[in-house]
Amino acid sequence: MPEPDVGGVRSVQRAVDLLALFDTEHPNRSVRELVDATGLPKTTVVRLVHTLEQCGLLWSRGDGHLVPGTGLLRWAELAGRTWRLPEEALRRLAELSEASGGETVSVYVRQQNTRVCVARHEGTRTVRHVVRIGAEMPLWSGAASHVLLSRSDRAEVAAVASRAPGDEWEERLWEHTRKAAADGIAVSHGEREPGVSGVAAPVFAASGRLTAAVALGGPTTRFTDDAVAGFAPALLDTARALTTLDCIGGTA
């Protein structure tokens, strides 16, 4: 069997890491900023930038700064079309928010060791949980994470927990994921951020594969045991509706 192209894989990873440095807070970057942020030699960064420019993934403005390239426009449009939920699914999210008294509803999928928000309906409460579509959050915390890991084995959960601050997370996360698997619903309070709570339920594909978690999030003061018990039926109904629609990641 041929040896894997370790150097090639490393170059791809470095290029992806370079692109990841561009975000809403840093829509443009200089080569110096890229060198400082990555810690790579300037010659390596220049070579990667040149390759990404050739592929249309970066574009030089001519003033010493780089911005995401035009080649990403096609992918952005495709990703937007693929991950945008159909109107029926969006209506279900809105109804869940209303049934919860105006809490924010989010849909998360797992991406390696993170969970990514792919859809949301912003709540109407003055103080509310705000998560941007596309935002990556750690997989070691939160009700949605418990759900997304509910079919994982001990070793996989331990690997995720190893990224959390402190050594006590492995046992805690394992208990949370087993409870989510048994109950079909998960609740968390202040795990990632003090004062923020969530309740989540699983969404499945037609094949039975766990594809997403639909979650309600808001201030802990509003997520009492009684409130969560009141949220649960509507949340589970929404999760079942999204499962029936089988629309996470696009439709056939």
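Residues numbered from 1 in each chain as written. Predicted model: local features only at pLDDT ≥ 70, side-chain atom pairs only at ≥ 80, totals over all residues. Heavy atoms only, no water.

(A) Region of interest: the pairing of strand 7 (residues 186-189). Side chains Ala186 and Ser188 of strand 7 all project onto a buried face; the interleaved residues Val187 and His189 project onto a face where none is buried. Pairing of strand 7 with strand 8 (residues 196-204) involves 4 bridges; the strand directions are antiparallel. Within strand 8, the residue paired with Val187 across the bridge is Val199. The turn linking strand 7 back onto strand 8 is made up of 6 residues, and Gly190 within it adopts a positive phi angle of 60°. (Buried < 20%, exposed > 50% of the residue type's maximum accessible area, 1.4 Å probe, protein only. Helix = DSSP H or I, 4+ residues; strand = E, 2+ residues; numbered from the N terminus. Pairing = 2+ DSSP bridges.)

(B) Seen up close, the sheet that holds strand 6 (residues 136-138). Ordered in space as 6-5-4-9-8-7, the 6 strands form an open sheet in which the pairing is antiparallel. The open sheet has two edge strands, strand 6 and strand 7, and neither has a second partner. Adjacent strand axes in the sheet meet at a mean angle of 35° when their direction is disregarded. Sheet topology note: the strand 5 (residues 114-121)/strand 6 ladder contains 3 bridges and is antiparallel. The partner of Thr114 across the bridge, within strand 6, is Pro138. Together, strand 4 (104-111), strand 5 and strand 9 (210-219) form the strand contacts of helix 5 (residues 87-99), whose direction differs from that of strand 5 by roughly 85°. (Axes fitted to C-alpha atoms, helices over the stretch in contact; angles between N-to-C directions. Contact = heavy atoms within 4.5 Å.)

(C) View of the environment of Leu245. By the secondary structure assignment, Leu245 is in helix 9 (residues 225-245). Residue Leu245 is classed as partly exposed on the basis of its relative accessible area of 30%. Leu245 has contacts with Glu88 and Ala89, leaving out every residue within four places of it along the chain.

(D) The arrangement of the nonpolar core in detail. Membership of the largest hydrophobic core comes to 27 residues, with the highest contact counts inside it found for Leu93, Val107, Val199 and Val214. Those elements giving two or more residues to this core turn out to be helix 5, strand 4, strand 5, strand 8, strand 9 and helix 9. Residue contributions to this core peak at 7 residues, all from helix 9. Once residues lying within four places of it in the same chain are set aside, the contact partners of Val107 are Leu93, Val116, Cys117, Val118, Ala119, Ala212, Ala213, Val214, Leu242 and Ile248. (Core = buried A, V, L, I, M, F, W, Y, C linked by side-chain atoms within 4.5 Å.)

(E) Main features of the sheet that holds strand 3 (residues 65-68). In space, the 3 strands of this open sheet follow the order 1-3-2, with antiparallel pairing throughout. Each end of this open sheet is capped by a strand with a single partner; those strands are strand 1 (29-30) and strand 2 (58-60). Alignment of strand 2 against strand 3, held across 3 bridges, turns out to be antiparallel. Bridge pairing in strand 3 links Ser60 to Leu66. Seen against the sheet, helix 3 (residues 42-54) touches strand 2 and strand 3 and runs at an angle of roughly 100° to strand 2.

Geometric values such as these leave the question of function open.
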